[in-house]
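Chain and residue survey
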Amino acid sequence: MTRTCVVDLETTGLDPSRHEPWEFGLIVRDDANTTGDTEYLLRVEPNLRYADPDSLRTCRYYERTADMEDPDEAGAWNLADGTLNWWSPGRRVAHELARMLDNSVLVGANAHFDAGFLARWLPEHGQAYTAHYRPMCVTTMGYGYLRGLGKADGLRWPLSSDEVSRALGVDPGDYDRH
């Protein structure tokens, strides 16, 4: 296994059987690639019929998609550099994501959440979820690291990724979340 995909999805709710992802943020690290990590930000226009209003507010859906446009071409548009604001076709995004995720380790702040949505969403768009079966949660790993150092006493369950980050010396407020 030579590929790691750090992933964070934005979704229309918390239930993969009723809700769908609309934003896919990834950092792909391929050990065979010596040029470094590749960042992706892809958006697919969701059907909001069953969307959870609280989820849309939490992820600032309307604020973050106010200037989105439909492209003239059927490509999967990487918005990571901030120059494009186009919705991508779901089938095209699924095609690209499936290849990125194939035999990779999925890593995230709640990677099981993202894996559950991807495992449901990809087949709905003609692809399969073939990432490694054991995603890695950085919040849990960070907690284990702090616990091993004897510095986890102030952290309580359920873990907060913000609190674990601060305990590790990283202020989440210093970074823009996708």
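For the structure, check the block above.
Residues numbered from 1 in each chain as written. Predicted model: local features only at pLDDT ≥ 70, side-chain atom pairs only at ≥ 80, totals over all residues. Heavy atoms only, no water.

Let's shift gears to the overall build of the protein. Scanning the protein from terminus to terminus reveals 6 helices and 5 strands. Reading the protein from its N terminus to its C terminus gives the helix and strand order β-β-β-α-α-α-β-α-β-α-α. The C-alpha radius of gyration computed for the protein amounts to 17 Å, which stays within 12% of the reference 16 Å derived for 178 residues, consistent with globular compactness. Expressed as lengths along the three principal axes of its C-alpha atoms, the size of the protein is roughly 55 × 40 × 30 Å. With 178 residues in all, the protein has 37% of them scored as buried. (Helix = DSSP H or I, 4+ residues; strand = E, 2+ residues; numbered from the N terminus. Rg over C-alpha atoms; globule rule 2.2 N^0.38 Å. Buried < 20%, exposed > 50% of the residue type's maximum accessible area, 1.4 Å probe, protein only.)

This paragraph deals with the pairing of strand S4 (residues 105–108). Burial along S4 is two-sided: the face carrying Val105 and Val107 and the face carrying Leu106 and Gly108 are both buried. With 3 bridges connecting them, strand S1 (residues 3–11) and S4 associate as parallel partners. Of the residues in S4, the one forming a bridge with valine 6 is valine 107. Where S4 meets strand S5 (residues 136–137), 2 bridges bridge the pair, whose relative direction is parallel. Across the sheet, residue glycine 108 finds its bridge partner in S5, namely cysteine 137. A crossover connection joins S4 to the parallel S5 through helix H4 (residues 111–124); in handedness this β-α-β unit is right-handed. (Pairing = 2+ DSSP bridges. Right-handed = clockwise from strand over helix to strand, strands pointing away.)

Time to look at helix H5 (residues 138–148). Buried within H5 we find Thr139, Gly142, Tyr143 and Leu146. Buried residues of H5, viewed axially, fall in a sector of 100 degrees; they line one side. Exposed residues lying more than 90 degrees from the buried face of H5 are Tyr145 and Gly148. The inward-facing, buried residues of H5 contact S5 and helix H6 (161–167). (Arc of directions from axis to C-beta. Contact = heavy atoms within 4.5 Å.)

In this section: the state of the cysteines. Using the criterion set out here, one finds 0 disulfides in the structure. No disulfide involves cysteine 5; its sulfur sits 16 Å from that of cysteine 137, the nearest cysteine. The exposure class of cysteine 137 is buried, given its relative accessible area of 17%. (Disulfide = S-S within 2.5 Å.)

Let us now look at the sheet that holds S4. In any sheet, the strands associate via hydrogen bonds between backbone groups, in a parallel or an antiparallel arrangement. The sheet built from 5 strands is open, its strands ordered S3-S2-S1-S4-S5 with mixed pairing. Both edges of this open sheet fall to strand S3 (38–43) and S5, since each of them pairs with a single strand only. Across 9 bridges, S1 lies against strand S2 (residues 21–30) in antiparallel orientation. If you follow cysteine 5 over to S2, its bridge partner there is valine 28. The sheet strands contacting helix H3 (residues 90–101) are S1, S2, S3 and S4, and the helix crosses S2 at an angle near 35 degrees. (Axes fitted to C-alpha atoms, helices over the stretch in contact; angles between N-to-C directions.)

Looking now at unusual backbone geometry. Cis geometry marks the peptide bond from tryptophan 157 to proline 158, where omega comes out at -5 degrees. Mapped onto the elements, proline 158 comes out in the loop between H5 and H6. A positive phi angle, close to 55 degrees, is found at arginine 60, a residue other than glycine. For arginine 60, a relative accessible area of 36% translates into the label partly exposed.

Okay, the pattern of salt bridges next. Applying the stated criterion across every chain yields a total of 8 salt bridges. The salt bridge partner of aspartate 37 is arginine 29, with a shortest N-O separation of 2.8 Å. Since its relative accessible area comes to 47%, arginine 29 is described here as partly exposed. Here arginine 120 ties to glutamate 124 by a salt bridge, and the two come within 3.6 Å at their closest N and O atoms. Remark: glutamate 124 and arginine 120 occur in helix H4; sequence separation between them is 4 residues, near one turn of the helix. Via salt bridges that share partners, Glu23, Arg43 and Arg64 belong to a single interconnected network. (Salt bridge = Lys/Arg side-chain N within 4 Å of Asp/Glu carboxyl O.)

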